[in-house]
Amino acid sequence: MTSRLTATEPPGPQPTHEPPRSWLASTDHKRIAILTLGTALVLLFAMGGLALAMRTQLAQPDSDFVQNDTYNQLFTMHGSGMIYLVITPMALALGLYLVPLQVGSPTVAAPRTTMLGYWLYVLGAIAVLSGFLTAGGAAKEGWTAYTPLSSARFAPNVGTDLWILGNFASSLGMILIAGTVLWTVLLKRARGMTMLRVPVFSWAMVATNLMVLAAFPSLLIALGLLAVGRMSPDVFSSNVWNIGYQHLFWFYGHPVVYVMFFPFVGAVAEVLATFARRRFFGYKATVLSLLAFAALSMSVWGHHMFTTGQVADDYYSLTSIALLVPAGIEYFAMLGTIIGARLRFSVPMLFALAFIPQFLVGGLTGIMVATPVLDYQMQDSYFVVAHFHYTLAAGSLFGFFAGFYFWFPKATGIMLGKGLGHVHFWLMVVGINATFLPMFWLGMEGMPRRVASYLPTDGFGTLNFISTVGSWVLGVAMLAFAANLVVSIVRRRTRRAADNPWEAHTLEWATSSPPPPLNFDAAHPLPPITSFTPLLDLRRKHVKDREPT
Amino acid sequence: MQFRQVFEDIFRFEILLAAGVFAAIAAALLLALALSRKKSGDRRRRDSHPLVEGGYALVLAAVAGVIVYITASAHDEVREASTTNRTDPAPAAEVKVTAFQWCWQFDYARNDKTVTGVCSEKDRKLPTLIVPAGQPVKFNLTSSDVIHSFWIPDLAVKMDAFPDHTNSVTLTFDHPGRWLGRCAEFCGPYHPSMHFYVRAVPPEQYEQWVQA
């Protein structure tokens, strides 16, 4: 189905307001997405700062840089902040910005609902963080907030109430954004944009948004249960309260891992194809594998509960290990795209290439923690911490930066600096691996997660110190990134981005940088849509037309 | 010790497999980097290879099947050894393990004996769980407040302790020795120091101790 709106017919009166209203009450998906991304980026720095404080505390045994109680707030806010308030919003905002452009739609479906999603997100984030200002401090029960530890009896602080309220609001906001973006790609595509001409990134967003709609309501129910149980402790039986909560939570908690992963795989796919000057290899197989991955992801949640003694371990092990099939197909497609191609090593490409081996470490160790007999040792140890940071930091964050350097010129009309980009990239590679690789050994040696200190006799000192130094390197890498942003924006006049600076393949590159309010206009009309790489087709046709016959 | 043995076997299997996959993908990546320097340019015309992709998916599914088969068999073996069936002879000792904020209590039901201690940063007075070496000991895990987790890292065994629910695990400690146990599930401010010791002693010595 095609959209009734065309570029030459603006829908109703054009907004004439000045900032901030032109931003905070915008119906332009690009502005809503930039607001969401900007908020998430600020929070990324904040949550990363909390992690640096934790790593500094753990550098030495018996350290008292921060107290137990503070440390518990730090890891709770770092974990929950990164998942609910940073990576999920980043992932969905990337889709909100790009999907309407990639499918040739002038707007996102239901833009006011989308804007409401942002408002719920930002108010939720404020509520969660305001816990630090209360007398009892912020929430301190871990990002999972397991009952009964998070009940009113054991966690009477207001910070936990604010945490529940804030995460409920922001996750509800995420559901709204996911719904409107899914609606856009399904029902508002341009003429000629069939489902099998939808770019890989937008397909990744389809799978992502399907998972958000299927899994996030379960988090809302879990948080609701927590809120009711904190007010009236006797409402739920011990069975519902102690273990039922975990089921509801993980029914959300595993799919969200892929919500924080697919959009970045999609970004890496677009970057690899662009800088290999080729169409993405195995498009249909990749689309199918993304959908299979999303479907399968709904059946694996029990692998977080192997040690509870109350789930069918072998079943969840089977479904979890089966995920290697779609994941393997995606890896095959990524490698197939770059092998034999003449690659260009621009900054986005560096992040995309590093994503491949680094995420792989997270994926392969994922098979280990999905194996019950190994998980009985690894569960709740630093091995698990290392594993999921390889997926989320070494994987998703690298995919995010690949996409950020790639699409920043499109969204702003400004090219990011190359020199600082290289500094950022190499420091990230060193920092990420130095921080998280030692944690695998720490876990195997018996260091539990979520501990504010350890004894000199534990023998965890050396590895923890390496990890802490690595985290400081990461901190410097992020400063290089911030410097790059600031310098590029200040020198924007000399860093003008062309419409298609990377010779990319998809429709967002056919319009101006930044795109006009309704994405395409008379000066930048939609090109003919002949495949999932319309601009590459145009260039090849152009070359062929000029060849002497 | 069954958990440790199986853990080591399966970990070796999976780490070798993972190393192989990592090496193969790293090689493919390096190949892509090497080939991208050649002057002849990009000659590829195909963007997909459905037969290869389909065949590859089948291979992956087979690999997944093999991993699940091997690991689930190992899991069965562990479970067989660590659960006490009604037909089995009664375990040599049965201990009720109660986790609480923030320490452990061990009740030897048959002998009306209780052991606890002080879980503090310095490990002098940690509660010590005394068990007979070489004989099956059944642990019934529970909690009197929040969820904790009974973890003996050197033995690669971990089981959660829930309030209003009992999880049981039967362990045999092959030889006399002492191992550190930890709480693995975050349970509040003093979670980091919620340790205990397990000490396996010769059965005669255990009998003496438990009767005393």
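Residues numbered from 1 in each chain as written. Chains lettered and ligands numbered in written order. Predicted model: local features only at pLDDT ≥ 70, side-chain atom pairs only at ≥ 80, totals over all residues. Heavy atoms only, no water.

In this section: the overall build of chain B. Helix and strand content of chain B: three helices and ten strands. Put simply, chain B runs from its N terminus to its C terminus through helices and strands in the order α-α-β-β-β-β-β-β-β-β-β-β-α. A compact globule built from 212 residues would reach a C-alpha radius of gyration of about 17 Å, whereas chain B, at 25 Å, exceeds it by more than 25%. If one aligns the C-alpha atoms of chain B with their principal axes, the spans along those axes are about 85 × 45 × 30 Å. Long-range pairs, those at least 24 residues apart, make up 64% of the contacts in chain B with a sequence separation of at least 6. In the structure as shown, chain B presents an accessible area of about 10,300 Å², 57% of it carried by carbon and sulfur atoms. The positive charge centre, built from 22 side chains, and the negative charge centre, built from 23, are 11 Å apart in chain B. (Helix = DSSP H or I, 4+ residues; strand = E, 2+ residues; numbered from the N terminus. Rg over C-alpha atoms; globule rule 2.2 N^0.38 Å. Contact = heavy atoms within 4.5 Å. Areas by Shrake-Rupley, 256 points an atom, 1.4 Å probe, with all protein chains shown as cover. Lys, Arg positive; Asp, Glu negative; His and termini not counted. Charge placed at Lys NZ, Arg CZ, Asp CG, Glu CD.)

Taken together, the side chains of Arg277, Arg342, Arg540 and Lys544 of chain A together with Lys38, Arg43 and Arg45 of chain B define a basic patch exposed on the protein surface. Mapped onto the elements, Lys38 of chain B comes out in the loop between helix H1 (2-35) and helix H2 (50-82). (Patch = residues over 30% accessible without salt bridge, like charges linked within 9 Å, V, L, I, M, F, W, Y side chains within 5 Å. Salt bridge = Lys/Arg side-chain N within 4 Å of Asp/Glu carboxyl O.)

Turning our attention to the sheet that holds strand E2 (residues 103-108) of chain B. Residue and element names in this part refer to chain B. Across the sheet, five strands lie side by side as E3-E2-E1-E5-E8; this open sheet has mixed pairing. Here the strands that pair on one side only, and so sit at the sheet edges, are strand E3 (113-116) and strand E8 (167-172). Direction aside, neighbouring strands of the sheet carry axes that sit 25 degrees apart on average. Of the pairings in the sheet, the one linking strand E5 (residues 136-143) to E8 comprises six bridges and is antiparallel in character. Bridging from a neighbouring strand, Phe139 pairs with Val169 of E8. (Pairing = 2+ DSSP bridges. Axes fitted to C-alpha atoms, helices over the stretch in contact; angles between N-to-C directions.)

What follows deals with the nonpolar core. Burial of nonpolar side chains together is a common tendency in soluble globular proteins. Membership of the largest hydrophobic core comes to 242 residues, with the highest contact counts inside it found for Phe262, Ile338, Ile356 and Phe401 of chain A together with Trp104 and Phe139 of chain B. Two domains each provide a minimum of three residues to this core, namely domain 1 (2-37 + 49-82) and domain 2 (93-211) of chain B. Not counting the four nearest positions on each side in its chain, Ile356 of chain A is found in contact with Leu272, Tyr331, Met334, Leu335 and Ile338 of chain A together with Ile25 and Leu29 of chain B. Counting twelve residues, the second-largest nonpolar core is a separate cluster that includes Ile367 of chain A together with Ala57, Ala64 and Val68 of chain B. (Core = buried A, V, L, I, M, F, W, Y, C linked by side-chain atoms within 4.5 Å. Buried < 20%, exposed > 50% of the residue type's maximum accessible area, 1.4 Å probe, protein only. Domains from an automatic or database assignment.)

Covalent bonding between the sulfur atoms of two cysteines defines a disulfide. Residues and elements named next belong to chain B. A full pass over the atoms with the stated rule returns one disulfide over all chains. Each disulfide pairs two cysteine sulfurs, and for Cys103 the partner residue is Cys119, the sulfurs being separated by 2.1 Å. Sign of the S-S torsion, about 75 degrees for the bond between Cys103 and Cys119, identifies this disulfide as right-handed. Remark: Cys119 occurs in the loop between E3 and strand E4 (128-132) and Cys103 occurs in strand E2; sequence separation between them is 16 residues. Judged by relative accessible area, which is 3%, Cys103 ranks as buried. With a relative accessible area of 14%, Cys119 lands in the buried category. (Disulfide = S-S within 2.5 Å.)

Another point: the domain arrangement of chain B. All names here are of chain B. When the domains of chain B are assigned, the result is domain 1 (2-37 + 49-82) and domain 2 (93-211). Here the C-alpha centroids of domain 1 and domain 2 sit 35 Å apart. Of the residues lining the interface, six residues belong to domain 1; the matching set on domain 2 comes to nine residues. Approximately 550 Å² of surface area, both sides summed, lies buried where domain 1 meets domain 2, with 51% of it carried by carbon and sulfur atoms. A per-residue breakdown of the area domain 1 buries against domain 2 is headed by Phe3, Arg4 and Ser82, which together make up 73% of the total. Our count for the contact surface shared by domain 1 and domain 2 stands at zero salt bridges. Counting the contacts that link domain 1 with domain 2 gives four residue pairs in polar contact (both at pLDDT 80 or more). Examining the composition of the side of domain 1 that touches domain 2, we find that four residues originate from one element, H1, more than from any other. When its residues are assigned to classes, the side of domain 1 that touches domain 2 shows three nonpolar, two polar and one charged. (Buried area = accessible area lost by both parts, 1.4 Å probe. Polar contact = N/O pair within 3.5 Å; in protein donor to acceptor, adjacent residues only side chain to side chain. Nonpolar A, V, L, I, M, F, W, Y, C, P; charged D, E, K, R; others polar.)

All right, on to empty space enclosed by the protein then. The tally for this structure, following the rule as stated, stands at four cavities of 30 Å³ or more. If you add up the space inside the largest cavity, you get close to 110 Å³. Surrounding the largest cavity, 14 residues form its lining, Ser453, Tyr454 and Leu455 of chain A together with Pro192 and His195 of chain B being those nearest its centre. (1 Å grid on protein atoms, 1.4 Å probe; cavity = no way out; pocket = protein on both sides within 12 Å on 5 of 7 lines; lining within 4 Å. Points joined across faces, edges and corners; volume = space filled by probe spheres on them.)

A few words now on the interface of chain A and chain B. Listed per partner, the contact involves 80 residues of chain A and 75 residues of chain B. Here chain A and chain B share an interface that buries about 6,400 Å² over both sides, 65% of which is from carbon and sulfur atoms. The tally of links from chain A across to chain B stands at three salt bridges. Ionic pairing is found between Arg279 of chain A and Asp47 of chain B, a salt bridge with its closest N-O pair at 2.6 Å.

The subject of this paragraph is the packing of helix H3 (residues 68-102) of chain A against helix H5 (residues 158-187) of chain A. Residue and element names in this part refer to chain A. Two numbers describe how H3 lies on H5: the axes approach to 10 Å, and their chain directions differ by 20 degrees. Looking at the two axes, H3 sits roughly parallel to H5. Of the two elements, H3 crosses H5, and the hand of that crossing is left-handed. Only Trp163, Asn167, Ser170, Ser171, Met174, Ile177, Ala178, Val181, Thr184 and Val185 of H5 make contact with H3, whose side of the interface consists of Thr76, Met77, Ser80, Tyr84, Leu85, Thr88, Pro89, Leu92, Gly95, Leu96, Val99 and Pro100. (Parallel < 35°, antiparallel > 145°, perpendicular 65-115°, else oblique. Left-handed = near helix turned anticlockwise from the far one by under 90°.)

To continue, consider the packing of aromatic side chains. If you walk through the whole model with that rule in mind, you get 63 aromatic pairs over all chains. Geometrically, the ring pair formed by Phe383 of chain A and Phe440 of chain A is edge-to-face, given 5.0 Å between the ring centres and 65 degrees between the ring planes. Of this pair, Phe383 of chain A sits in helix H15 (residues 382-412) while Phe440 of chain A sits in helix H16 (residues 418-444), and the two are 57 residues apart along the sequence. The residues Phe383 of chain A and Phe440 of chain A share a single accessibility class, namely buried. Site record: aromatic cluster; members linked through ring pairs are Phe45, Phe264, Phe351, Phe398, Phe400, Phe401, Phe404, Tyr405, Phe408, Phe425, Trp426 and Phe481 of chain A. The lysine or arginine in question, Lys158 of chain B, covers the ring of Trp151 of chain B, its NZ or CZ lying 4.3 Å from the ring centre. (Phe/Tyr/Trp six-rings, centres within 6.5 Å; stacked < 30°, edge-to-face > 60°. Lys NZ or Arg CZ within 6 Å of the ring centre and 35° of its normal.)

The next thing to look at is the pairing of strand E9 (residues 177-183) of chain B. Residues and elements named next belong to chain B. With two bridges connecting them, strand E6 (residues 148-152) and E9 associate as antiparallel partners. The residue bridging Trp151 from the neighbouring strand is Arg182, located in E9. In this sheet, strand E10 (residues 195-201) lies alongside E9 in antiparallel orientation, the contact comprising six bridges. Looking at the pairing, Arg178 lines up with Arg199 of E10.

What follows is about the pairing of E5 of chain B. Residue and element names in this part refer to chain B. Most of E5 sits inside the fold, with seven of its eight residues counted as buried. Pairing of strand E1 (residues 93-100) with E5, which is carried by seven bridges, proceeds in the parallel orientation. Paired with Thr98 across the bridge in E5 is Thr142.

Summed over the entire model, instances satisfying the criterion amount to twelve salt bridges over all chains. Arg79 of chain B serves as the salt-bridge partner of Asp76 of chain B, at 2.8 Å between the closest nitrogen and oxygen. Note that Asp76 of chain B and Arg79 of chain B are positioned in helix H2 at a spacing of three residues, about one turn of the helix. In this structure, a network of salt bridges that share partners links the residues Arg279 and Asp537 of chain A together with Asp47 of chain B.

Our next topic: the side chain of Gln379 of chain A. Within the fold, Gln379 of chain A resides in the loop between helix H14 (372-378) and H15. Its relative accessible area of 10% is what places Gln379 of chain A among the buried residues. Engagement of the side chain of Gln379 of chain A in a polar contact is seen with the side chain of Asp380 of chain A, the distance being 3.4 Å. In contact with Gln379 of chain A, not counting residues within four places along its chain, are His304, Thr307 and Val384 of chain A together with Lys158 of chain B.

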